[in-house]
Amino acid sequence: MQPRPPENSTRPFDRQGPAPWENRQGRGILGNLVRLLVLTIIALLLVIPFTPLAGKIKRGLQELIAARTGGTRVVTREVEVEKRVEVPREVVKEVVKEVLVQPPLPDSFVPRKEADVATFFNGITIQTKLLTEQGTYASLERLSPDAYKAEFQLSVRVPKANQTVQELSRINPALPSLLPDLRAMLPQAKVSGFYHKLYENKTNAIQRDLTRLNKVLDRHNFFDCETILELTHPKTKRRSLLIQSEMDVVCDGSDGDRMATLDEYIYMSDYYQPFTSYAWAKKTKTPNPLLARWEARLKKATEQFSVKGLPAQKNRELKALMDQLKLEIQDMKARSSLIAEKDPFIVISLLFRGYSSQNAYTPQIGDYAVVIHGNKAYPAICGDYGPTLKMGEASLFMAKTINDQATPYRRPESDLKVTYLIFPGTAEKPNQPPNLDRWHERCQAYLNDLGGMGAGHELHRWEDPFRKPEPTPVVLPAGQPTPTVVPVGVPTPASSSSATPTPGTSPSPSPTTPSPAPVPTPPAAKSGS
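Residues numbered from 1 in each chain as written. Predicted model: local features only at pLDDT ≥ 70, side-chain atom pairs only at ≥ 80, totals over all residues. Heavy atoms only, no water.

Turning to the overall build of the chain, a few remarks are in order. From N to C terminus, the chain includes 14 helices and 12 strands. In the chain, the share of contacts with a sequence separation of at least 24, taken over all contacts with a separation of at least 6, comes to 74%. When the accessible surface of the chain is split by element, carbon and sulfur atoms take 56% of a total near 37300 Å². (Helix = DSSP H or I, 4+ residues; strand = E, 2+ residues; numbered from the N terminus. Contact = heavy atoms within 4.5 Å. Areas by Shrake-Rupley, 256 points an atom, 1.4 Å probe, with all protein chains shown as cover.)

Our next topic: the pairing of strand 8 (residues 345–349). The two faces of the sheet receive side chains in turn, since in a regular strand these alternate between them. Counted residue by residue, strand 8 has 5 buried out of 5 residues, so it is predominantly covered. Burial of strand 8 is two-sided: the residues Phe-345, Val-347 and Ser-349 facing one way and the residues Ile-346 and Ile-348 facing the other way are all buried. Examined bridge by bridge, strand 8 and strand 10 (residues 376–386) share 5 bridges and lie parallel to one another. Note that in strand 10 the partner of Phe-345 across the bridge is Ile-381. (Buried < 20%, exposed > 50% of the residue type's maximum accessible area, 1.4 Å probe, protein only. Pairing = 2+ DSSP bridges.)

On to unusual backbone geometry, then. Residues Lys-429 and Pro-430 are joined by a peptide bond in cis, for which omega reads -5 degrees. Here Pro-430 is to be found in the loop between strand 12 (413–423) and helix 14 (436–449). Residue Lys-237 is not a glycine yet carries a positive backbone phi of 65 degrees. Take Lys-237: it is sitting in the loop between strand 4 (225–232) and strand 5 (239–250).

Here we come to the pairing of strand 4. Burial runs high along strand 4: 7 of the 8 residues are buried. Sheet topology places strand 4 next to strand 5; 7 bridges connect them, and they run antiparallel. Bridge pairing links Leu-231 to Ser-240 in strand 5. Between strand 4 and strand 5, which pair antiparallel and follow one another directly, the connecting turn spans 6 residues, one of which, Lys-237, has a positive phi of 65 degrees.

Should the pLDDT be low somewhere, the predicted coordinates at that spot are not to be read in detail. Chain-level statistics for the chain give a pLDDT mean of 81 and a share of 79% at 70 or above. When pLDDT is averaged over each helix and strand of the chain, the minimum, 47, is found for helix 1 (residues 12–15) and the maximum, 98, for strand 9 (residues 368–373). Contacts from residues 9–15, a stretch scored under 50 in pLDDT, to residues over four places away or in other chains number 5 contacts. For the stretch residues 486–529, pLDDT sits under 50, and the model shows 31 contacts to residues farther than four places along the chain or on other chains. (pLDDT = per-residue confidence, 0-100.)

The next point concerns the pattern of salt bridges. As enumerated under the stated definition, the model contains 21 salt bridges in all. Two residues, Lys-333 and Glu-295, come together in a salt bridge whose shortest N-O distance is 4.0 Å. Highlighted residues: Lys-333 in helix 12 (residues 312–334) and Glu-295 in helix 11 (residues 291–305), separated in sequence by 38 residues. Three or more residues are tied together by salt bridges with common partners; here these are Lys-202, Asp-224, Glu-246, Asp-248, Lys-390 and Arg-411. (Salt bridge = Lys/Arg side-chain N within 4 Å of Asp/Glu carboxyl O.)

Right, let's talk about helix 11 for a bit. The terminal C-alpha atoms of helix 11 lie 21 Å apart, and with 15 residues this matches the ideal 21 Å at 1.5 Å per residue to within 8%. Turning to helix 11, the residues buried within the fold contact helix 12. (Expected span 1.5 Å × (residues − 1).)

Counting across every chain of the model gives 10 aromatic pairs. Between the aromatic rings of Phe-397 and Trp-462, the centroid separation amounts to 5.1 Å while the plane-to-plane angle is 45 degrees, which identifies the pairing as tilted. Taken together, the positions of Phe-397 in helix 13 (residues 396–402) and Trp-462 in the segment after helix 14 put the pair 65 residues apart, joining distant regions of the chain. One aromatic cluster is present, formed by Tyr-195, Tyr-199, Phe-222 and Phe-223 through successive ring pairs. Against the face of Tyr-199 rests Lys-202, its NZ or CZ located 5.6 Å from the ring centre. Arg-353 extends its terminal NZ or CZ atom over the ring of Tyr-385, reaching a point 5.4 Å from the ring centre. (Phe/Tyr/Trp six-rings, centres within 6.5 Å; stacked < 30°, edge-to-face > 60°. Lys NZ or Arg CZ within 6 Å of the ring centre and 35° of its normal.)

What follows is the structure in structure tokens.
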């Protein structure tokens, strides 16, 4: 232990006094309070600038200074802006997680049968059945034609023909009143063999085209004939063939004698033909309106055929086209045909051709016919042949009369509501240009042979579409002289003296004598020529 230095030590360290950390005696409670107060004031001075109190102190000092100096009092106002802070809200979303559970894998092959039903664009309802069975190895089955095949079975219901008044009136309620003697003829009427032949042709065509389903006859055209009946009146023995069907439209035919031009929208069709089966020798030298067009087609085909090096198939096609065009051009120069746009005629199926020697009810080209739609009847002739698989077709002229909305591409009647009453064996030879008054007269006579039409019904009378309008006679007031029309090149009399009349002629009336008003002559018989 180092000895404490004496109190009168002269060392500097000894004269500094006690260390700060050493307990100083003599400091009392008052000293501690003073120290605490000082520390508190210092702390307040440090905190006040960061509190609203600092602003108030500042304003108070400014007011005090302004009051003493007499200056302008500046008042400042602090606007407290409320600041809203959006606190994020915790949104709890329920997430459903789908877990795909696959069915258990099969342990072995399971044979099955499955069926499905659909409808083709042509209206055929098809029901498919899938049959599976266990086979052998794939390398062997791919060589077997029976391992992967389709067997088509098409079920068709062939319709039953109408035979009674009730069945026919279901289609057209006006038919019994329009043909009153129909009730007397139907009990002995026979469903024509042509009806059965028609549907035999249809089913044969379906069988032929069954492997090409899109080319199978569609539903509409399969069910296009309701009945074909062979009728005979019990008293007059007049025969008629009644066909109940729809009405499609034909636009064929041309005749330069009556119509020197033709609407392009008709003859530009892929299905247009310039000829009809009913035709006659030309009457004038006016060329067929399509002759120049056909000759241009023949020239073009001839030029193509003359090119060397064409394939043999192409040469055969061009040669066949040239031969056909030559025959058609020859026909255009020699004959005229019906005009579907101007003549009322119907089309009969090629199904009938060749049966006239076997069946007395066989219709032929030129036979007269009456078309019944609703409560109206229209005279016509059988003017053209159509496909063997179809029934019910008429000219555009007839179609637009029945329905003014009909066009070459829109039929006037799609339902089986059209009755075609054909009088077989009534064609008049040789063929002549249409005479609509003659057609009306003959059709009316044949209707009378069947008992005539019922009360309130009349056979429609066609207006000749080629008849020129007759001039309207001028009726002059009484006492006014008729104006004299002097032909060009005829000299007028030099004086009022009467010239010597030519033998066999009447003397000219005196200019002072009024001529009688012309009497209108009755209209001449209408002619389609």
